[in-house]
Amino acid sequence: MLIARRARDVTAAEAPLLAAGVPLMATAVRALGTAVAGLLRQRCGRVVGTSVAVLVGSGDNGADALLAGAELARRGVAVIAIRAGSRVHDGAARAAHRTGITLLAPGAAALARAARCDVVLDGVTGIGADGPLRGAGLDVVVGLLAALEAVPRPDRPLVVAVDVPSGIGVDDGTVAGPVLGADRTITMGTAKPGLLLPPAALLAGEVDVVDLGLDLAGAEPAVVRLERADVARLWPVPGPTDHKYTRGVLGVVAGSTGYPGAAVLATSAAAPLVGMVRFLGPDTVVDAVLARHPEVVHGDGRAQAWLVGPGIGVDDGERLAQVREVLERAVAHGLPAVVDAGALEVLPERVGAQVVLTPHAGELARLLGARGEDVAREDVEARPLAHLRRAVALTGATVLLKGAVTLVAGPGTAVHSQADGTAWLATAGAGDVLAGVVGAALAVRSDDVVAEPGLAAPLAAAAAAVHGRAARRASGGGPIVAGDVARAVAATLAEVLRD
Ligand SMILES: NC(=O)C1=CN([C@@H]2O[C@H](COP(=O)(O)OP(=O)(O)OC[C@H]3O[C@@H](n4cnc5c(N)ncnc54)[C@H](O)[C@@H]3O)[C@@H](O)[C@H]2O)[C@@H](O)CC1
Ligand SMILES: [K+]
């Protein structure tokens, strides 16, 4: 599991090691040098004779970056260093000087040179920053972003962020000013919340954590990300005495004459993962679902979890009445349920954590608006975690906010952040497939969720992970439709469960 801790917790954990003389900075610099050399080798086929530009802020983040630059210079890389702060760390400046690196003033000429290097190392600010970039750091980032515009995309340098992309909200993932988006972030000691929380997470690229030996046991995880083994631990494997009812029955209310496909997609994703899917919907939709999945059972009855809403419009009165009835029954029995799309309109005022809402940013804004909050989609996109938390507080539900990075939290649970998919997953019907997988995850562990409703959050995050991985598997780097993702779900779970 990738665990992000807040800046103050990292600083506190560093203090005793620094007091004991542990050379944390040397470890950070070595890791940076190795990572950049690896990228140079990948990009240019060699290290010697390549070029790196280092943006040097005035704190230890800049010192790390400049010392890594000095190490790369010793390995035959042509390094330029650009001042991006009011001062430069003495020891780092001396080391740079010894390797022949000159610190350049942040003028247009220096930034134009940086824009043509093979790698840019962003060491403007790290966890010591307060607020968005200002002063020389801001000028350098704005100037470099402009200089990069003049370089054809394939020729632009790879950007490596030291600890965090400078200027992001380290603890809250906000992006309140210009930030140089990174291809890779080499982060020290532990992940930081801003590397996992959108919108900042989208500027961090691939995140590598450098082990500094920090004791973070006492620091509360701010954000967590499930990895393959975590998903495998959460997902039950049937035993020899299991039968279809013990494996979990998922009841689904989905689809409309306008959107019959949503029901097909949700059931396609869920059917292989559960003991049985029961389906309720308009006759034409039932026919479409059964044509694709003869194993689906049509009609009401007992279920261990319910999924309501895919393909149901906010003005589909008849279907919403059915959703309301099913949802009230599920809530009364404390059963887990997934409430998606149009069904969010008929969510009871308060529910428990075993109910998982699956809005996208627009739907979350609407949900909050219906509860008296003045929120637009853009507000949710700018501060997704804050709005997700608000929705949890107002409804009592577990909320899964869909996006390129999917966030999940319930009342009192850790915040989960999953980014397992691919940009090709931004396609119609992907949300219906996700709803099916979340429904399945709740159905197969229904008894556990009834006993411990807080489990709904990690299970929903695990479902998001399976969904994202299925998309990547189906895509293989190319275009996909949602049906491809649904068809890849079963094999993806098999792969996740394989040791
Ligand atoms: N403390 C340690 O032992 C270690 C620290 N490390 C590095 O040190 C960093 C923390 O170093 P610092 O505490 O010196 O802080 P930073 O280097 O993150 O930033 C503080 C400096 O940036 C300036 N600054 C603050 N806010 C700014 C803003 N909004 N815009 C522009 N400039 C701003 C300040 O004037 C100060 O000089 C970590 O992020 C990490 O990269 C690593 O070497 C690991 C070990
Ligand atoms: K940085």
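Residues numbered from 1 in each chain as written. Chains lettered and ligands numbered in written order. Predicted model: local features only at pLDDT ≥ 70, side-chain atom pairs only at ≥ 80, totals over all residues. Heavy atoms only, no water.

Those protein atoms acting as donors to the potassium ion (ligand 2) are Asn61 (OD1), Asp122 (O), Thr125 (O), Val162 (O), Val164 (O) and Ser166 (OG), and they sit at 2.6 to 2.9 Å. For the potassium ion (ligand 2), the six donor atoms in the first shell make angles of 70 to 172° at the metal, a pattern classed as irregular. Considered as a linear motif, the donors of the potassium ion (ligand 2) on their single chain read N-x60-D-x2-T-x36-V-x1-V-x1-S. With Asn61 in helix H3 (residues 60-74) and Ser166 in the loop between strand S6 (158-162) and strand S7 (184-188), this pair connects stretches of sequence that are 105 residues apart. (Donors = N, O, S within 2.8 Å, 3.2 Å for Na, K, Ca; no water. Tetrahedral: all angles 85-135°; square planar, octahedral: opposite > 155°, others 65-115°. Helix = DSSP H or I, 4+ residues; strand = E, 2+ residues; numbered from the N terminus.)

Right, let's get into the pairing of strand S2 (residues 51-56). Within S2, six of the six residues are buried, leaving the element largely enclosed by the surrounding structure. Residue alternation in S2 divides its side chains into two sets, Ser51, Ala53 and Leu55 and Val52, Val54 and Val56, and both sets are buried. Bridging between S2 and strand S3 (residues 78-83) involves six bridges; their strand directions are parallel. When the sheet's bridge partners are listed, Val52 is paired in S3 with Val79. Crossover S2 to S3 through H3 is right-handed. Note: S2 against strand S5 (residues 119-123), five bridges, orientation parallel. Note that in S5 the partner of Val52 across the bridge is Val119. (Buried < 20%, exposed > 50% of the residue type's maximum accessible area, 1.4 Å probe, protein only. Pairing = 2+ DSSP bridges. Right-handed = clockwise from strand over helix to strand, strands pointing away.)

Moving on, we come to the site of ligand 1. Around ligand 1 there are 22 residues in total, and Glu14, Ser58, Asp64, Gly126 and Asp163 lie nearest to it. Within the side chain of Glu14, one N or O atom sits 2.7 Å away from a nitrogen atom of ligand 1. Here a nitrogen atom of ligand 1 sits 2.8 Å away from a polar atom, N or O, in the side chain of Asp130. Elements with a minimum of two residues in the shell around ligand 1: helix H1 (7-19), helix H2 (24-44) and H3. Among the residues making up the shell around ligand 1, the classes are represented as nine nonpolar, seven polar and six charged. (Near = heavy atom within 4 Å. Polar contact = N/O pair within 3.5 Å; in protein donor to acceptor, adjacent residues only side chain to side chain. Nonpolar A, V, L, I, M, F, W, Y, C, P; charged D, E, K, R; others polar.)

Moving on, we come to the sheet that holds S7. Spatially, the seven strands line up as an open sheet ordered S4-S3-S2-S5-S6-S7-S8, and their pairing is parallel. The open sheet is flanked by strand S4 (103-104) and strand S8 (206-210), the only strands paired with a single partner. With respect to the sheet, H3 is in contact with S2, S3, S5, S6 and S7, its orientation differing from that of S2 by roughly 160°. (Contact = heavy atoms within 4.5 Å. Axes fitted to C-alpha atoms, helices over the stretch in contact; angles between N-to-C directions.)

You can see Gln304 is positioned in the loop between strand S12 (297-298) and strand S13 (305-308). A polar contact of 2.6 Å, which involves the side chain of Gln304, links it to the backbone nitrogen of Val249. Contacts of Gln304, omitting those with residues within four sequence positions, involve Tyr245, Gly248, Val249, Leu335, Pro336, Ala443 and Ser446.

This part covers the environment of Arg383. For Arg383, the position within the fold is in the loop between helix H14 (377-382) and helix H15 (384-395). In sequence terms Arg383 and Thr427 are 44 residues apart; their C-alpha atoms lie 23 Å from each other. For Arg383, the residues in contact, after removing those within four places along its chain, are Asp172 and Thr174.

Further remarks concern the UniProt feature "binding site: AMP" (unreviewed entry) in the chain. UniProt marks Lys402, Gly403, Ala404, Val405, Thr406 and Gly431 with the feature "binding site: AMP" (unreviewed entry), using the numbering shown here. These annotated residues cover 30 residues of sequence, and their C-alpha atoms lie no more than 13.3 Å from one another, placing them together at a single site. Mapped onto the fold, Lys402 is located in the loop between strand S16 (398-401) and strand S17 (406-409). One polar contact links Lys402 to Asp340, side chain to side chain, over a distance of 3.4 Å. Within the secondary structure, Gly431 is located in helix H16 (residues 430-444). The exposure class assigned to Gly431 is partly exposed, which follows from its relative accessible area of 22%. If we ignore the near neighbours within four places in the chain, the residues touching Gly431 are Asp340 and Lys402. (UniProt positions renumbered as here; feature names shortened; annotations may be inferred.)

Before going further, it helps to examine the nonpolar core. Of all hydrophobic cores here, the largest spans 62 residues; its most connected members are Phe279, Val438 and Leu442. When residues no more than four places from it in sequence are discounted, the contact partners of Leu442 are Ala305, Pro336, Ala337, Val338, Gln354, Val356, Val449, Ala456 and Leu459. Formed by 49 residues, the second largest nonpolar core is a distinct cluster that contains Val253, Met276, Ala330 and Ala397. (Core = buried A, V, L, I, M, F, W, Y, C linked by side-chain atoms within 4.5 Å.)

Another point: the side chain of Ser51. With respect to the secondary-structure elements, Ser51 resides in strand S2. The exposure class of Ser51 is buried, given its relative accessible area of 17%. Not counting chain neighbours up to four residues away, the residues in contact with Ser51 comprise Leu40, Val77, Ala78, Arg116, Cys117, Asp118 and Val119.

Packed helix pairs are characterised by how far apart their axes lie and by the angle those axes make with each other. The contact between H16 and helix H19 (residues 482-497) brings their axes to 8 Å, and the two run at 20°. One element, H16, and the other, H19, form an angle in the roughly parallel class. In terms of crossing hand, the pair formed by H16 and H19 is right-handed. Packed against H16, whose contacting residues are Ala430, Val433 and Val437, the element H19 presents Ala482, Val485, Ala486 and Val489 at the interface. Taken together, the residues that form the contact of H16 with H19 break down as seven nonpolar, no polar and no charged. (Parallel < 35°, antiparallel > 145°, perpendicular 65-115°, else oblique. Left-handed = near helix turned anticlockwise from the far one by under 90°.)

Annotation from UniProt places "domain: YjeF C-terminal" (unreviewed entry) at residues 227-496. Spanning residues 227-496, this segment combines 49% helix with 13% strand, and its end C-alpha atoms are found 10 Å apart.

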